[in-house]
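Listed here are the chains, written in short residue letters.
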Amino acid sequence: MPDPSLPPGAAAVASPEAARLLAFDTSTERMAVALAAPHGAWTADEAGGALASAALLPTVQALLARAGLVLADVDAVAFGRGPGAFTGLRTSCAVAQGLAFGIGCPVLPVDSLLIVAEDARVQLAPDAAEFEVDVAMDARMDEVYAARWRWADGRWNEVVAPALYTLEAFAAMTAGSRGAVAGSALAAFGERLGLAPGRPGVAREHDRPAALLRLARAAWAAGQGVDAALALPLYLRDKVALTTREREAVRAAKDAAEAGR
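Residues numbered from 1 in each chain as written. Predicted model: local features only at pLDDT ≥ 70, side-chain atom pairs only at ≥ 80, totals over all residues. Heavy atoms only, no water.

1. Side note on the packing of helix α3 (residues 112-124) against helix α6 (residues 208-221)
Part 1: The N-to-C vectors of α3 and α6 enclose an angle of 105°; their axes lie 9 Å apart at closest approach. Of the possible angle classes, the one that applies to α3 and α6 is roughly perpendicular. Here S112, L114, I115, V116, E118, D119, R121 and V122 of α3 come into contact with α6, specifically with R208, A211, L212, R214 and L215.
Part 2: Of the residues in the contact of α3 with α6, the class split is seven nonpolar, one polar and five charged. (Axes fitted to C-alpha atoms, helices over the stretch in contact; angles between N-to-C directions. Helix = DSSP H or I, 4+ residues; strand = E, 2+ residues; numbered from the N terminus. Parallel < 35°, antiparallel > 145°, perpendicular 65-115°, else oblique. Contact = heavy atoms within 4.5 Å. Nonpolar A, V, L, I, M, F, W, Y, C, P; charged D, E, K, R; others polar.)

What follows is the structure, encoded as structure tokens:
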């Protein structure tokens, strides 16, 4: 565990290969949880949505047990910051904050749409030096959460920042693009997305937890750890209050972290 006296982001106490990283994302209907340690990696892909607030901590504890670790061993907590479903984002951020405060470690915010991009890269072009992808996730109400990234020099670069689009606006944003497209909006809206014919597409993710873990390791290596207080969601719609269950999840995360110290 990193020294709590170190400034936020001073997470380079262990190499990416040696770091013990806990990562989770609950921004979609699936709950992705992953754990990396020098002796291996463990992942879980479970039902999420409304179930995530109750299931996330038990899943975290189960992975730690499988790895022979306790919460106090964790060097950083990576979390999917969104965009995505309100309930899932609040759960992910609240639990990340509670655990990191209790352990005394930094958090690693990961863009939830970038997880989709990373999974698509490995599916479509794992050995390509360059790869560009538009990610479009179903946001309901005939809207999508979308962004564009380019993979080059072994890392991701943001080309178009995550935003909420109508289907018409998304079609305009992607007009002329010949890169790949990925995300749940492909199955949800099909031809209504207005994509150019022949673009390679991935509607279904292959291994979301593994993609999340690769991004967490990259964030750690880049020194992107921040203070737990900055475990904040990326909302693209208006904020709403925490539910009773989500408040209970926050308290449970803090209690679990304190018990694991």
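2. Considerations on the packing of aromatic side chains
Part 1: Scanning the entire structure with this criterion turns up four aromatic pairs.
Part 2: An angle of 75° between the planes, with centres 6.4 Å apart, marks the rings of Y165 and F170 as edge-to-face. The same class applies to Y165 and to F170, which are both buried.
Part 3: A cation over a ring is seen here: R121 above W151, with NZ or CZ 4.0 Å from the ring centre. (Phe/Tyr/Trp six-rings, centres within 6.5 Å; stacked < 30°, edge-to-face > 60°. Buried < 20%, exposed > 50% of the residue type's maximum accessible area, 1.4 Å probe, protein only. Lys NZ or Arg CZ within 6 Å of the ring centre and 35° of its normal.)

3. Comments concerning the pairing of strand β2 (residues 30-37)
Part 1: In terms of residue burial, β2 counts as a mostly covered element, since seven of its eight residues are buried.
Part 2: With five bridges connecting them, strand β1 (residues 21-25) and β2 associate as antiparallel partners. Bridge pairing links F24 to V33 in β2.
Part 3: Connecting the antiparallel pair β1 and β2 is a turn made up of four residues.
Part 4: Bridge count for β2 against strand β3 (residues 40-47) is eight bridges, and the pairing is antiparallel. By the bridge assignment for β3, M31 is matched with E46. (Pairing = 2+ DSSP bridges.)

4. Structural notes on the sheet that holds strand β7 (residues 143-152)
Part 1: If you trace the five strands from one edge of the open sheet to the other, you get β8-β7-β6-β9-β10, paired in mixed fashion. Each end of this open sheet is capped by a strand with a single partner; those strands are β8 (155-166) and β10 (201-202).
Part 2: Packing against the sheet, helix α4 (residues 167-174) makes contact with β6 (130-138), β7 and β8, and its axis sits at approximately 150° to β8.

5. So, unusual backbone geometry
Part 1: A cis geometry characterises the amide bond from G82 onward to P83, with omega recorded as 5°.
Part 2: Tracing the backbone shows P83 in the loop between β4 (76-82) and α2 (86-103).
Part 3: If you check the backbone angles, M141 has positive phi at about 55° while not being a glycine.
Part 4: Position of M141 among the secondary structure elements: in the loop between β6 and β7.
Part 5: Even without a glycine there, the phi angle at D142 is positive, about 55°.
Part 6: Tracing the sequence through the fold places D142 in the loop between β6 and β7.
Part 7: Exposure remark for D142: the relative accessible area of 37% places this residue in the partly exposed category.

6. A look at the packing of helix α1 (residues 52-67) against α2
Part 1: Where α1 contacts α2, the two axes come as close as 10 Å, and the packing angle between them is 35°. Along this stretch, α1 crosses α2, giving a crossing that reads as right-handed. Two secondary-structure elements touch here, α1 through A52, S53, L56 and L57 and α2 through T91, V95 and L99.
Part 2: A per-class count over the contact of α1 with α2 returns five nonpolar, two polar and no charged. (Left-handed = near helix turned anticlockwise from the far one by under 90°.)

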